[in-house]
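Per-entry structural report
The primary structure of each chain is shown beneath.
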Amino acid sequence: MNTWEGRCFEAAIHALMCHAHSTLVHGTPLGHAGEVAGIRYAHAWIELGDLLVVDLTMSGRPTMPRALYYRAASLTEAHVRRYTADEAARLLCSSGHYGPWDGPALVIAA
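Residues numbered from 1 in each chain as written. Predicted model: local features only at pLDDT ≥ 70, side-chain atom pairs only at ≥ 80, totals over all residues. Heavy atoms only, no water.

Remarks on the nonpolar core
As a reminder of what qualifies: Among buried residues, the Ala, Val, Leu, Ile, Met, Phe, Trp, Tyr and Cys ones that are joined through side-chain atoms within 4.5 Å form a nonpolar core. Think of it in three bands: residues with accessible area under 20% of the maximum for their type are buried, residues over 50% are exposed, and the middle band is partly exposed, with areas taken using a 1.4 Å probe on protein chains only. Under the scheme used here, helices are H or I runs from DSSP no shorter than 4 residues and strands are E runs no shorter than 2 residues, and both carry numbers assigned from the N terminus. In what follows, a contact means two residues having at least one pair of non-hydrogen atoms within 4.5 Å.
Counting 14 residues, the largest nonpolar core has Leu24, Ile46, Tyr83, Ala88 and Trp101 as the members making the most contacts within it. Elements with a contribution of two residues or more to this core: helix H1 (8-18), strand S2 (43-48) and helix H3 (85-95). With sequence-adjacent residues up to four places away left out, Tyr83 is seen in contact with Thr23, Leu24, His26, Ala88, Leu91, Trp101 and Asp102. Counting residues in each nonpolar core, the second largest holds 9 residues, with Met58, Tyr69, Leu75 and Val80 among its members.

Considering the layout of surface pockets
Defined as follows: Only protein atoms enter the calculation, which uses a 1 Å grid: trapped sets of points that fit a 1.4 Å probe without letting it out are cavities, open sets showing protein on both sides within 12 Å along at least five of seven lines are pockets, and any residue with an atom within 4 Å of a point is a lining residue. Grid points are joined across faces, edges and corners, and a volume is the space filled by probe spheres set on the points. Any residue that is not Ala, Val, Leu, Ile, Met, Phe, Trp, Tyr, Cys, Pro, Asp, Glu, Lys or Arg is counted as polar, Gly included; the first ten are nonpolar and the last four charged.
Approximately 500 Å³ is the volume found for the largest pocket. As for the largest pocket, its lining consists of 20 residues, of which Val36, Tyr41, His43, Asp55 and Thr57 are closest to the centre. Secondary structure elements with two or more residues in the lining of the largest pocket: H1 and helix H2 (66-72). Residues of the lining of the largest pocket, tallied by class, amount to 12 nonpolar, 5 polar and 3 charged.

As for the sheet that holds strand S1 (residues 23-27)
Heads up, the condition is: One requirement defines pairing of two strands: DSSP has to find at least two bridges between them. Throughout, an axis means a line fitted to C-alpha atoms (over the contacting stretch in the case of helices), and angles, computed between N-to-C directions, take values from 0 to 180 degrees.
Taking strand neighbours across the sheet as the criterion, the 5 strands line up as S4-S3-S2-S1-S5 in an open arrangement whose pairing is antiparallel. Looking at strand neighbours, the two that pair on one side only are strand S4 (63-65) and strand S5 (80-83), the edges of this open sheet. Ignoring strand direction, the axes of neighbouring strands in this sheet form an average angle of 30 degrees. Across 4 bridges, S1 lies against S5 in antiparallel orientation. Its bridge partner lying in S5, Leu24 is registered against Tyr83. Strand contacts of H1: S1, S2 and strand S3 (52-54), with the helix running at about 20 degrees to S2, the strand carrying the most contacts. Its contacts with the sheet place H3 against S1 and S5, and it is angled at close to 95 degrees to S5.

Description of the pattern of salt bridges
What counts is decided by this rule: What makes a salt bridge here is a side-chain nitrogen of Lys or Arg within 4 Å of a carboxyl oxygen of Asp or Glu, nothing more.
Under the definition given, this model contains 5 salt bridges. With a closest N to O distance of 3.2 Å, Arg66 and Glu77 form a salt bridge. Within this pair, whereas Arg66 is found in helix H2, its partner Glu77 is found in the loop between H2 and S5, the two being separated by 11 residues in sequence. Salt-bridge contacts for Arg82 lead to Glu77; the nearest nitrogen and oxygen are separated by 2.6 Å. The class for Arg82 is partly exposed, based on a relative accessible area of 25%. Its relative accessible area of 44% is what places Glu77 among the partly exposed residues. Each of Glu47, Arg66, Glu77 and Arg82 takes part in salt bridges that share partners, so that together they form one network.

Below is the structure:
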């Protein structure tokens, strides 16, 4: 069992702290199975530059090419909001939770 299952926003903050120079991303991927099939849902991961995604909630290997991740999740730039480590720390402290925090990208829409 994945220890981060159902805790993507917390997992993404953890990954952000473990990977220097990474970017926190909140977005709305399109679900393909289970209760999220066919709908967009709030999710979080980190990006290492513009080449790799680290998503600790994925089963198997948590790292994959960004282009593949975006294609599999039907993501475009309109579906994501990126945060620097400093922005994430400020929002975490001011809100008292791991997210999602803000942005039109986090409105659930099919």
